[in-house]
Amino acid sequence: MNVARSITRREWTRMTILAIAAFGVWQIGSGAYIHAKAWLAQQLIASAWTRTLEGERQVKPWPWADTWPIARLQAIDQGVELYVLADASGRSLAFGPGHVNGTAAIGEGNTVLAGHRDTHFAFLRSLQPGDELAMQTADGRKWRFQLSETHVIDSRYQRLQFDEQVAATLTLLTCYPFDAIVPGGPLRYVAIAELRTGPTSLAMPTRP
Amino acid sequence: MQRKNAGSGPQAKVRQPVAVLFFIWLLHSFAPSAQAQALDQDIGSGSLTLRDDRGLAIDAPRMETAVRMNVSGIVARVEVSQRFHNESDAWVEGLYAFPLPENSAVDTLRMKVGERIIVGEIREKEQAQKIFEQARQQGQRASVVHQQRPNLFRTAVANIGPGETIEVVIGYLQIVEQNAGRYSLRFPLTITPRYFPGLQLDPETPLTSETAIAALTLAVPGDDTAAIGDLHPRLAHANPQRQSVSIEIDIDAGVSLKHIVSPYHPIVVAATDHGAQVELRDQQSPPDRDFELSWVPIVSGEPAVALFREPNDQGEHVLLMFMPPQESRPIDTPREVIFVVDTSGSMTGESIRQARAALMNGLRTLQPADRFTVIQFNSYHESLFAKPVFASEENLSRAQRYVSNLRATGGTEMLPALLAALSMPESEEHLRQVVFITDAAVGNEDQLMLAIRQRLGSARLFTVGIGSAPNGHFLRNAARTGRGTFTYIGSIGEVESKMTDLLKKLTHPVLTDIELSWPAGVVPEYAPASIGDLYAGEPIVVAARLQSSAKGMLSISGRTNGAWTRQIALAGMQPRTGVASLWARNRIGDLMDTRASGTTEDSIRASVLPLALQYQLVSNYTSLVAVDRTPARPDGEELRSRRISNTKPNGLDWPAEGIPSTATSAQLNFAIGALLLIAALGWQFRARHLQRSQQL
C-alpha cells in the first residue's frame, strides 16, 4: 500500500516537474520565435524591397502580409540595415520598424519611425548624436540624416514635440529602458535626426 | 478509507504546483495588458506644443466660442460669437479658421470692443482684405471674415491690446434638415485635415480610371486662399483652458416636442409649449467633435407643409417644404452594390472602426440575387472582386474577412477609386448603387464632383460620412449630384440605426419627376435649380424667387409607383425674414457648381459677385469687414500674428497620442522560461535526493 502510494506521488511530482520544464522551454521558445520572426521577416522583405525599387507599389513580402516596405534604413556606424514598413501596428512591428501613421512622409517633414527596443531598434541604444543614418525611399531617392539628440519621454504625460514646418527630420521611437523585462512600460526613447545635404553613404552591400 | 487517502494525498500535492503555474501564467498574460490599459486612460490629456519660427512658444489668444441658435420651424438663425482674449503683454492678431454647416448663408459680422459695437460691411474679397490690412497697419482694431471653402471660414482680428478681449459675432441662416418627421441640425466644431492629392487636371479631358495621376492639378479653380494664407488647419489637443465652446438653442416648432436628442454632447433641455430650450451641459466643452441635435415634434395629423415668403426689392422669395406621400412597398429589382471605403491615414482610430461596422452592416443587407464588391482606397485602391459578384454565402464571408482586416494608412487618393467604382461593367437587370464610406478629408472636391458628373451613368451614389468631423459639404453635394443620399455617422453606437435608415432608402422606390406648377404668369427662379429625386422620408424643399407676389394655387406632382398631385394655397404663406438670403445662398451654390461643368471663372464671378453684394452674403468673392476707426495700438508697438489651432477631432489618432508599444515580450519570455527551468531542475534534484534518502 505504502509503495503504491509513493509511486503515484512520485509520478505526480515528475509530471509536474516535466510540465514546469516544458512550460519553461515553451517560454524560451516563444522568446526565440519573436527574434527569429524579426530576423526572418527582414530577409523576406529584402526581395519585396528590390521589387519596390523596380517600380512596383505596395509589394507584400509574403502573400498574406498586410504591410509592405516603404524605405530602407541604415545606421552606418552600427552596421545595421533595416526595411521600414508602411505602418506601426503591433502586427507589423514584429516584422520590422514601421512608419507612424499621420506623420510626414520621409523627407517631407517630421517622420516618426517606431521599432521594437529588443529586436530591430535595439541598436538605438548605441546610437550617439553625430552618428549618421541613411535612408532610401521607394522612389529610389537617398537621404542622409544625422542624429542630433536623444531623450526619454513618459508617454503618459508627455507628447512628442513637433516644430511646425521644420525641415525634414527623422524621429526614431522605441521603448525604454532597453533591458526592462516586462514589456508595455510608459517610457519611450526618442532619437531625433536631422536631414543633411550631401552624398549619402548608402553604399553598404545589401545583406550577404 | 485507505483508498480515499491514497487518492486525496497526491491530489492535494498536485493542486499547489498547478496553482503556481496558473498564477505565473496569469501574471504573464495580464501584466503587460494591465499597463497598456493604464496608458489608454491617460491618452488625450496632453498637449501638442507648437513653437514659432524663432523657437518661442506660441501664446495664441485664448478663444471662447459661443453659439446661439434660434430655430423657427425649418429655418435656423445662428450667431457664432468668438471671443479672443489676449493674455500676453504684446499687441497680437488672432487668426482662426473654423467650419460652419454646409450651405450656411453668412450675412452678419459684429465686432465688440468693450462697450462699442462695430457692424461689418460686405465688400468684394480683395477690397475687404485691403481695408483690413490698412486698419491693421494704422493700429486700428479690425476684423474680417473670409470664406475659404463653402463650409470653411476664417476670421482675422487685428490689434488686440495686451490683456484685451475682442468679440467677433458671425451670423448665418440655415435650413433645418428634415427626414421622416425628424428635424436635425448639425454644427461642425473642428476640422479633419484635408488631403490634397498631388494631381494635375485638365478640365477639357474626360476622366477615366486610366487617367495618369501625374496628368491630374492641385489648384482648385477660384480658390485664392493660398494668396491670403495657408489653408491647412493646425490642430492641438483639447484644452478647455485655451479653447472652449458653449451652445444655446431655442427651438420654436409651433407645437411641443415628442423627443429631443443630442447624440454626441450631453445637453440640458427645458421644454416649452411650442418647442424647447437646449444648452450644452458643459458650457466649456472642448470643440473636438461636431454637435448634432435632432427633435421630433408631436405630430398633429396634418400633412406637413410649410410655406414662407420674404419680399424685398429683388422680388418675392418663397421657401416651400412639403412631405410627399410615402410608398411603403420595397423595390423588387435586384441591386448591384459597390461599397467604396476610405482607408486613408485620416481614418485612423475610431473612424476606421465605424467604417468597418458600417460595411459589415451593409453586407448583411444583401440578398442572394444582388451583386456586390468592396473597393478600399488610400494612396492606392484595391477591389476585392474584379467585377461585382453575386452575394453568395461564400462571397459574403470572403468580403467579411476582407472588411475585418481593413486598416487605415497612407494618403487619400479618392479620385482613382471613385473612377474605378463608376467604371465597373454595368448590368441591365441590376440597379447600381455605389455606397461611399469616408471622412472625405480631401481638398480636391471639384475634381471629384466633375468625375461624378461625367461618369455616373445610371448609378446612384450614396455617401456615408464617418468620424468626428467629416467634410459634410462635399459628401452632401456628391450625393446630390449622384442622385443618392448623405448619411452622417458620428459614433460607433449609431452605425446600426443610421445604416438601417440608409438601407430603407436603398431598397425603397425613389420619388421621381417632381414638378411644381405655379399660377399663370408666375416665373420662378429655383435654387437649387432642379428638384432631385427623393428617397423614403425625405421632404421636398424648394426655394424660389418670383418677380412679384403670387396668388392662387400651387400644385405639386410626382411619381413613385403611381402618380400623385397636391394643391397648396399660396394665400397661406407666412412672412419670414431670411428666406431671401437662403434663396441667394442656394443660388450662389448652384452658380459655383457650374465650375465643374466648365463655366469659366470670370463668368461665374460676374454672376455671383452682384448677387452676393445685393443679398449681403459672404461668398468666394465677398467678405465681411469691420473696422473700429478709433486708433488703438500706439505707433512703434509691434503687432504679432498668432494662429489659433483647431481642436484635434476626437478619435483621430495623432502621432503623439498613438505612440506605439515598442517592446516585445521576448525578454519576459526568456526570464520566465529560465526561472521555470531552474525551478524544475531544483525540484527534480530535491525529489531525487528525497527518493535516495527514502531508499536508504
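Counting starts from 1 at the beginning of each chain's written sequence and moves along it residue by residue. Here every chain gets a letter starting at A, and every ligand a number starting at 1, in the order they are written. The predicted origin of the model limits local features to residues at a pLDDT of at least 70 and limits the giving and counting of side-chain atom pairs to 80 or more, whereas totals for whole chains, interfaces and linings rest on all residues.

A.B. asks: In this structure, what is going on with the overall build of chain B? I would like to understand it.
C.D. replies: What chain B contains, in helices and strands, is 12 helices and 35 strands. The buried share of chain B, taken over its 696 residues, is 45%. Only DSSP runs of H or I with at least four residues qualify as helices, and only runs of E with at least two residues qualify as strands; both kinds are numbered from the N terminus onward. The burial criterion counts other C-beta atoms lying within 10 Å of a residue's C-beta, which is placed from the backbone; the residue is buried at 20 or more, exposed at 12 or fewer, and partly exposed between these limits.

A.B. asks: How should I be thinking about the overall build of chain A in this particular structure?
C.D. replies: Of regular secondary structure, chain A possesses 2 helices and 8 strands. Ordering the α and β elements of chain A from the N terminus gives α-β-β-α-β-β-β-β-β-β. Sorting the 208 residues of chain A into buried and exposed places 39% on the buried side. Working definition of a contact: two residues with C-beta atoms, positioned from the backbone, lying within 7 Å. Restricting the contact set of chain A to residue pairs at least 6 apart, pairs at least 24 apart contribute 56%.

A.B. asks: How should I be thinking about unusual backbone geometry in this particular structure?
C.D. replies: Peptide bonds are trans in most cases, and residues, glycine excluded, mostly fall at negative phi. Cis peptide bonds are those with omega within 30 degrees of zero, and the linkage from Tyr176(A) to Pro177(A) qualifies with -5°. Residues Ala527(B) and Pro528(B) are joined by a peptide bond in cis, for which omega reads -5°. By the secondary structure assignment, Pro528(B) is in the loop between strand S28 (525–527) and strand S29 (540–546). Even without a glycine there, the phi angle at Asn159(B) is positive, about 60°. If you trace the backbone, Asn159(B) turns up in strand S8 (residues 152–160). Unlike most non-glycine residues, Gln616(B) shows phi in positive territory, near 60°.

A.B. asks: What exactly am I supposed to notice about the confidence of the model for chain A here?
C.D. replies: A low pLDDT score tells you not to read the predicted coordinates there in detail. For every residue, the pLDDT score states the predictor's confidence, bounded by 0 at the bottom and 100 at the top. Averaged over every residue, the pLDDT of chain A is 81; the share at 70 or more is 85%. Low pLDDT, under 50, characterises residues 204–208 of chain A; the predicted model gives this stretch 5 contacts beyond four residues in sequence or across chains.

A.B. asks: Any chance you could explain the sheet that holds strand S32 (residues 574–575) of chain B here in plain terms?
C.D. replies: The pairing of strands in a sheet happens through backbone hydrogen bonds and is either parallel or antiparallel. Residue and element names in this part refer to chain B. With mixed pairing, 5 strands are arranged side by side in an open sheet as S28-S29-S19-S18-S32. Strands with a single pairing partner mark the edges of an open sheet, and in this sheet they are S28 and S32. Direction of pairing for strand S18 (residues 305–312) relative to strand S19 (residues 315–322): antiparallel, over a ladder of 8 bridges. Bridging from a neighbouring strand, Val 305 pairs with Phe 322 of S19. Criterion used throughout: strands pair if DSSP finds at least two bridges between them.

A.B. asks: Help me out: how do you make sense of the packing of helix H4 (residues 350–364) of chain B against helix H5 (residues 393–404) of chain B in this one?
C.D. replies: Packed helices, taken two at a time, are described by the angle between their axes plus the distance between the axes. Residue and element names in this part refer to chain B. Only the stretch in contact is used when a helix axis is fitted, and all axes are lines through C-alpha atoms; the angle between N-to-C directions ranges over 0 to 180 degrees. Two numbers describe how H4 lies on H5: the axes approach to 10 Å, and their chain directions differ by 175°. With respect to each other, H4 and H5 are oriented roughly antiparallel. Every residue of H5 that contacts H4 at Arg 356, Leu 359, Met 360 and Leu 363 is listed here: Leu 396, Ala 399, Gln 400, Val 403 and Ser 404. Each residue is assigned to one class: nonpolar for Ala, Val, Leu, Ile, Met, Phe, Trp, Tyr, Cys and Pro, charged for Asp, Glu, Lys and Arg, and polar for all the others, Gly among them. A class-by-class count of the residues in the contact of H4 with H5 yields 6 nonpolar, 2 polar and 1 charged. Our angle categories are set so that under 35 degrees counts as roughly parallel, over 145 as roughly antiparallel, 65 to 115 as roughly perpendicular, and the remainder as oblique.

A.B. asks: What is the right way to look at the packing of H4(B) against helix H9 (residues 495–507) of chain B in this model?
C.D. replies: Residues and elements named next belong to chain B. The N-to-C vectors of H4 and H9 enclose an angle of 45°; their axes lie 10 Å apart at closest approach. Classified by the angle between their axes, H4 and H9 sit oblique to one another. Crossing handedness for the pair H4 and H9: right-handed. Along its contact with H4, which presents Gln 354, Ala 357, Ala 358, Asn 361 and Gly 362, the element H9 presents Val 495, Glu 496 and Met 499. Considered class by class, the residues forming the contact of H4 with H9 number 4 nonpolar, 3 polar and 1 charged. Rotating anticlockwise by less than a right angle from the far helix to the near helix defines a left-handed crossing, while the corresponding clockwise rotation defines a right-handed one.

A.B. asks: Would you mind going over the environment of Leu676(B) with me for this structure?
C.D. replies: Within the secondary structure layout, Leu676(B) lies in helix H12 (residues 666–695). Exposure remark for Leu676(B): the 22 C-beta atoms within 10 Å place this residue in the buried category. Aside from chain neighbours lying at most four places away, what touches Leu676(B) is Ile20(A), Phe23(A), Gly24(A) and Gln27(A).

A.B. asks: Explain H12(B) here, please?
C.D. replies: Working note: α-helix, 3.6 residues per turn, so residues spaced by three or four point in the same direction. A helix is expected to span 1.5 Å multiplied by its residue count minus one. The end-to-end C-alpha separation of H12(B) is 43 Å, in line with the 44 Å expected for 30 residues at 1.5 Å each. Restricting attention to buried positions, one finds in H12(B) the residues Ala666(B), Leu668(B), Asn669(B), Ile672(B), Gly673(B), Leu676(B) and Ala680(B).

A.B. asks: Sorry, what's going on with the pairing of S29(B) here?
C.D. replies: A regular strand places its side chains on the two faces of the sheet in alternate fashion. All names here are of chain B. Counting buried positions over the 7 residues of S29 gives 5, a clear majority of the element. Where S19 and S29 come together, 7 bridges link them in antiparallel fashion. Note that in S29 the partner of Met 321 across the bridge is Val 541. Relative to S29, S28 runs antiparallel, the two sharing 3 bridges. Looking at the pairing, Glu 525 lines up with Arg 545 of S29.

A.B. asks: Is there a simple way to think about the sheet that holds strand S14 (residues 257–261) of chain B in this case?
C.D. replies: All names here are of chain B. With antiparallel pairing, 4 strands are arranged side by side in an open sheet as S10-S11-S17-S14. Of all strands in the sheet, those with a lone pairing partner are strand S10 (177–179) and S14, marking the two edges. Taken pair by pair, the neighbouring strands of this sheet meet at an average axis angle of 20°, ignoring direction. For strand S11 (residues 182–187) and strand S17 (residues 291–297), the ladder comprises 5 bridges, and the chain directions are antiparallel.

A.B. asks: Teacher, can you tell me more about the pairing of strand S5 (residues 116–119) of chain B here?
C.D. replies: Residue and element names in this part refer to chain B. Sheet topology places strand S4 (residues 105–113) next to S5; 4 bridges connect them, and they run antiparallel. Note on S5: the bridge partner recorded for Lys 112 is Ile 117. Between S4 and S5, which follow one another and run antiparallel, lie 2 residues, and Gly 114 among them has a positive phi close to 60°.

A.B. asks: Any chance you could explain the environment of Pro186(A) here in plain terms?
C.D. replies: Residues and elements named next belong to chain A. Position of Pro 186 among the secondary structure elements: in the loop between strand S7 (169–175) and strand S8 (187–196). Overall, Pro 186 belongs to the partly exposed group, with 18 C-beta atoms counted inside 10 Å. C-alpha separation for the pair Pro 186 and Asp 154, spaced 32 residues apart in sequence, amounts to 5.6 Å.

A.B. asks: What should I look at first to understand H5(B) in this one?
C.D. replies: Residue and element names in this part refer to chain B. In a regular helix each residue adds 1.5 Å, so 12 residues correspond to 16 Å; H5 covers 16 Å between its end C-alpha atoms and thus fits that length. Where H5 is concerned, the buried positions are Asn 395, Ala 399 and Val 403. The buried residues of H5 all sit within an arc of 70° when viewed along its axis, so they share a single face. Exposed side chains of H5 directed beyond 90 degrees from the buried face belong to Glu 393, Glu 394, Ser 397, Arg 401 and Ser 404. When we speak of the arc, we mean the arc of directions from the helix axis to the C-beta atoms.

A.B. asks: Can you walk me through the confidence of the model for chain B in this structure?
C.D. replies: Residues and elements named next belong to chain B. Averaged over all residues, the pLDDT of chain B is 76; the fraction at 70 or higher stands at 78%. Helix H3 (residues 225–228) is the least confidently modelled element of chain B, averaging 33 in pLDDT, while strand S6 (residues 121–124) averages 93, the highest of any element. When the criterion is pLDDT under 50, residues 1–59 qualifies, and its contacts beyond four places in sequence or with other chains add up to 63 contacts. Predicted confidence is poor over residues 193–238, with pLDDT under 50, and the contacts of this stretch with residues over four places away or in other chains come to 92 contacts.

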